[in-house]
Amino acid sequence: MMNKRTLITSIVFTSLHASIAVAHHELQNRNLMAGSENYQDHCASCHGVNLEGQPNWREYKADGSLPAPPHDETGHTWHHDTKMLFDYTKFGGQATLEAAGVTGYPSGMPAYEGILSDREIWEILAYIRSTWPQEIQDAHATRHPMSLDD
């Protein structure tokens, strides 16, 4: 029998993987210095200065949400397509999950729409991806290939 976390992860991955609209080219040729600076200013307080995430990030909190995961290669960020990561950042976790049809799963990820521009969000995501070992970057690209129109 699947536990709650496995079921939610499967639903989110299946729902979001099926609708890849933006390919990895969105992360190419981005200003990594600006991405790093914006990451430190807007993301590090929860996801860690070194992308390490919060302690016990796989253990549910009392409200049913999970602590902020790491964005380094030890976390699950690289398992998600770039469009989902962008939407999660821009619109917030709750709105993104609900748009994918996932309900009853509280997310603590705030929305950055109106705080960060689309360009700044892509720069942050490019910065995060740039910190992963090459084999993780390759796995991310393989799991989420560019569309035929690219």
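Residues numbered from 1 in each chain as written. Predicted model: local features only at pLDDT ≥ 70, side-chain atom pairs only at ≥ 80, totals over all residues. Heavy atoms only, no water.

A short note on the environment of Glu73
Its place among the elements puts Glu73 in the loop between helix H3 (44-47) and helix H4 (82-91). For the pair formed by Glu73 and Pro133, sequence separation is 60 residues and the distance between their alpha carbons is 7.3 Å. Excluding anything up to four places from it in sequence, Glu73 contacts Trp78, Trp132, Pro133 and Ile136. (Helix = DSSP H or I, 4+ residues; strand = E, 2+ residues; numbered from the N terminus. Contact = heavy atoms within 4.5 Å.)

A word on the environment of Asp87
Looking at where Asp87 falls in the secondary structure, it is placed in helix H4. A relative accessible area of 14% places Asp87 in the buried class. Each C-alpha atom, one on Asp87 and one on Asp118, is 10.0 Å from the other, the two residues being 31 residues apart in sequence. Setting aside its immediate chain neighbours within four residues, Asp87 contacts Gly92 and Thr96. (Buried < 20%, exposed > 50% of the residue type's maximum accessible area, 1.4 Å probe, protein only.)

Some points on helix H2 (residues 32-42)
Among all positions in H2, only Ala34, Gly35, Ser36, Asn38 and Tyr39 are buried. Contacts from the buried residues of H2 go to H3 and helix H6 (118-130). Capping the start of H2, Asn31 holds a side-chain oxygen 3.1 Å from the backbone nitrogen of Met33, two or three residues further along. (Polar contact = N/O pair within 3.5 Å; in protein donor to acceptor, adjacent residues only side chain to side chain.)

Here we look at the side chain of Gln137
Following the sequence through the fold, Gln137 ends up in helix H7 (residues 134-143). A polar atom in the side chain of Gln137 sits 2.9 Å from the backbone oxygen of Trp132.

Quick notes on H4
For H4, the buried fraction is high: 8 of the 10 residues fall into the buried class. Of all the positions in H4, only Thr82, Met84, Leu85, Phe86, Asp87, Tyr88, Thr89 and Lys90 are classed as buried. Among the residues of H4, the N-terminal cap falls to Asp81, whose side-chain oxygen and the backbone nitrogen of Lys83 are separated by 3.0 Å. Just downstream of H4 lies Gly92, where phi reads positive at about 90°.

A look at the environment of Leu125
Tracing the backbone shows Leu125 in helix H6. In this structure Leu125 comes out as buried when scored by relative accessible area, which is 9%. Each C-alpha atom of the pair Leu125 and Thr89 lies 9.3 Å from the other, and the pair is 36 residues apart in sequence. Leaving out residues up to four positions away in the same chain, Leu125 has contacts with Leu27, Thr82, Leu85, Phe86 and Thr89.

As for the packing of H4 against H6
Relative orientation of the contacting elements H4 and H6 amounts to 125°, with a least axis distance of 10 Å. Taken as axis vectors, H4 and H6 run oblique relative to one another. Considering how the two elements wind past one another, H4 and H6 form a crossing that is right-handed. In this structure, H4 uses Thr82, Leu85, Phe86, Thr89 and Lys90 to contact H6, whose residues at the interface are Asp118, Ile121, Trp122 and Leu125. Class assignment of the residues belonging to the contact of H4 with H6 gives a composition of 5 nonpolar, 2 polar and 2 charged. (Axes fitted to C-alpha atoms, helices over the stretch in contact; angles between N-to-C directions. Parallel < 35°, antiparallel > 145°, perpendicular 65-115°, else oblique. Left-handed = near helix turned anticlockwise from the far one by under 90°. Nonpolar A, V, L, I, M, F, W, Y, C, P; charged D, E, K, R; others polar.)

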